Amino acid sequence: MNLLLPIAFGISFSISSCEKLVVVPPPTNSIAENNVYTNDATAISVLTALYSSMNAKDINPIQGTGSIALYTGLSSDEFTLYSGITDPTHIAYYVNALQVNILPGSGSDHWAPLYNNVFKCNAAIEGLGASTGLTPAVKQQLLGEAKFMRAFYYFYLVNLYGDVPLPLTTDPKVNSLLARTPKAQVYQQMIADLKDAQNLLSTNYLDATLLSTTTERVRPTEWAADALLARVYLYSGDWINAEAQATAVINNASLYSLVALNSVFLKNSQEAIWQLQPTDINFNTTEARALVIPATGPSTGGVVDNPVYLSANLLKSFEPGDQRGVYGNWVDTVSFQPTSTTYDTVVFPYKYKVNTSPGVTSASGMTEYFMMLRLGEQYLIRTEARAQQNNIGGAQSDLNIIRTRAGLSNTSAGDQASLLTAILHERQVELFSEWGHRWFDLKRTGNVDAVMSVITPQKAGGAPWNSYQQLYPLPLSDLQQAPNLVQNSGY
């Protein structure tokens, strides 16, 4: 049974039924906002539309050639931009030379989509709070989803842009006058939202009605709130609570376990805490479309967009025997002929493998779902939280669980400093090409200047690194319209 209800809420989005994908057009008469929360079906459609839009290509920052993973991978030391790519936005991210003195500029690509989704969450929270016509269990789950998603979007806003405005209502007069809120305060709002979500979200995965359970892991649960809260606590330096939240997820062995490398990113994987069900049956995930390079080589435009491959810096980070770096597992290679007289060989991310799905006619025929949160990260969160508390044995144990899955021997790190270095390395080779983890890790651990001062000049056309470049610029259009909004330093 498909989890995406066939009800449009102001936008057109693709959904799959039990038999086939159906494109639902916008309604002839849009549902009035004050009527959305009068029945379960229309209320559910609000959050469903949010998840569906996160799958759409090129109109959001979640997947594909404009995703957070791809742009931050270019900014950091993960990806190399193929020399034949001429797109100015990709080039600007890659050489750490984002510009805002023109419209639309570059670097602020994720700002508007993320805030647009924050607004939708605020509207849902207000509408659900005022509703009296919903099934109580449905209302509770939807309110939990809206608060969870608001925290999710704010996490990426602060890690891309630093201090950001913190709108919590839909009042345009209030929101237009907001100044930037200190990052620590935004984190406290995330924590508050996620604590509320823990109490509101179901412990079970729910189907499209939100009244029955399912094996599909495509709607957030209490465990997703636990997992994201563990990450937020880690980034906030609250080691005790980061460990506790990660432990809650890890200990739920009936739902979650580490699986073989090539099973991690399959749909309904036992490692998946939360996934998105793809809406484009031609590609499964648009992340595979952007990152898996065909025999013809990297390209932009046409059927497949894949402008990047893995950097030499990342490839040399795999230890001998690390199965994550073995071709056919989480990386693969292709040799192609860019000209009549030359050949190139590149290595690309291969966590998602299906970048074309001929003959697939429904979601049931798909093999991969887009991973939002997974168990492997929770072990890495807990090992770091334990190391920060000087629990050397506990940190080693968690780190070794991840290393064993990758075919490696136990860590040799035996003190806090060496363990933290080993954990940062393990996060690099475990979480590469996922959700900007490497870029964020370099910044939060204070290593970004040391790494990027070496990497940036090595990039084609790269100028010397400047520390301000670790934050992306705010859009010029918003700065011109919001009187209390100021630009990040350096831009």
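Residues numbered from 1 in each chain as written. Predicted model: local features only at pLDDT ≥ 70, side-chain atom pairs only at ≥ 80, totals over all residues. Heavy atoms only, no water.

Student: If you had to explain unusual backbone geometry to someone new, which residues and values would you point to?
Tutor: Even without being a glycine, asparagine 390 presents a positive backbone phi close to 65 degrees. Along the chain, the position of asparagine 390 falls in the loop between helix H12 (375-388) and helix H13 (392-405). Residue classification places asparagine 390 among the partly exposed residues on the basis of a relative accessible area of 49%. Phi at tryptophan 435 is positive, roughly 60 degrees, even though this residue is not glycine. (Helix = DSSP H or I, 4+ residues; strand = E, 2+ residues; numbered from the N terminus. Buried < 20%, exposed > 50% of the residue type's maximum accessible area, 1.4 Å probe, protein only.)

Student: I'd like to hear about the packing of aromatic side chains, residue by residue, with values.
Tutor: Per the counting criterion, the structure on display carries 29 aromatic pairs. Ring centres of tyrosine 156 and phenylalanine 440 lie 5.9 Å apart, and the angle between their planes is 50 degrees; this geometry places the pair in the tilted category. Within this pair, whereas tyrosine 156 is found in helix H5 (residues 136-161), its partner phenylalanine 440 is found in helix H15 (residues 437-444), the two being separated by 284 residues in sequence. Each member of the pair tyrosine 156 and phenylalanine 440 is classed as buried. Measuring from ring centre to ring centre gives 5.8 Å for phenylalanine 370 and tryptophan 435, while their planes differ by 45 degrees; the resulting arrangement is tilted. Note that phenylalanine 370 is positioned in strand S8 (residues 370-374) and tryptophan 435 in the loop between helix H14 (416-430) and H15, a separation of 65 residues in sequence. (Phe/Tyr/Trp six-rings, centres within 6.5 Å; stacked < 30°, edge-to-face > 60°.)

Student: If you had to explain the pattern of salt bridges to someone new, which residues and values would you point to?
Tutor: Across all of its chains, the model carries 22 salt bridges by this definition. Arginine 374 is paired through a salt bridge with glutamate 271; the nearest N and O atoms lie 2.7 Å apart. With arginine 374 in strand S8 and glutamate 271 in the loop between helix H9 (239-250) and strand S4 (272-276), this pair connects stretches of sequence that are 103 residues apart. For glutamate 271, a relative accessible area of 0% corresponds to the buried category. A salt bridge links glutamate 434 to arginine 374, with the nearest nitrogen and oxygen atoms 2.8 Å apart. With glutamate 434 in the loop between H14 and H15 and arginine 374 in strand S8, the pair connects residues that are 60 residues apart, well separated along the chain. Overlapping salt bridges bring together Glu271, Glu319, Asp322, Arg324, Lys351, Arg374, Arg403, Arg405, Glu426, Glu430 and Glu434 as one network. (Salt bridge = Lys/Arg side-chain N within 4 Å of Asp/Glu carboxyl O.)

Student: Can you explain the environment of leucine 81? Please cite residues and give values.
Tutor: Structurally, the position occupied by leucine 81 is in strand S3 (residues 79-81). When the C-alpha atoms of leucine 81 and valine 95 are compared, they prove to be 9.3 Å apart, with 14 residues separating the residues in sequence. Those residues in contact with leucine 81 that sit more than four places away from it in its chain are Leu74, His90, Ile91, Tyr94, Pro307 and Val308. (Contact = heavy atoms within 4.5 Å.)

Student: Hey, could you go over the nonpolar core for me, with residue numbers and the actual values?
Tutor: If you look at the biggest cluster of nonpolar residues, it comprises 137 residues, and the most contacted ones within it are Phe148, Met149, Phe152 and Trp274. Per-element tally for this core: the top contributor is H5, with 16 residues. Beyond its immediate sequence surroundings of up to four residues, phenylalanine 148 is in contact with Leu194, Ala197, Leu201, Pro220, Ala224, Ala225, Leu228, Trp274 and Leu373. (Core = buried A, V, L, I, M, F, W, Y, C linked by side-chain atoms within 4.5 Å.)

Any link to function would need more than the numbers given here.
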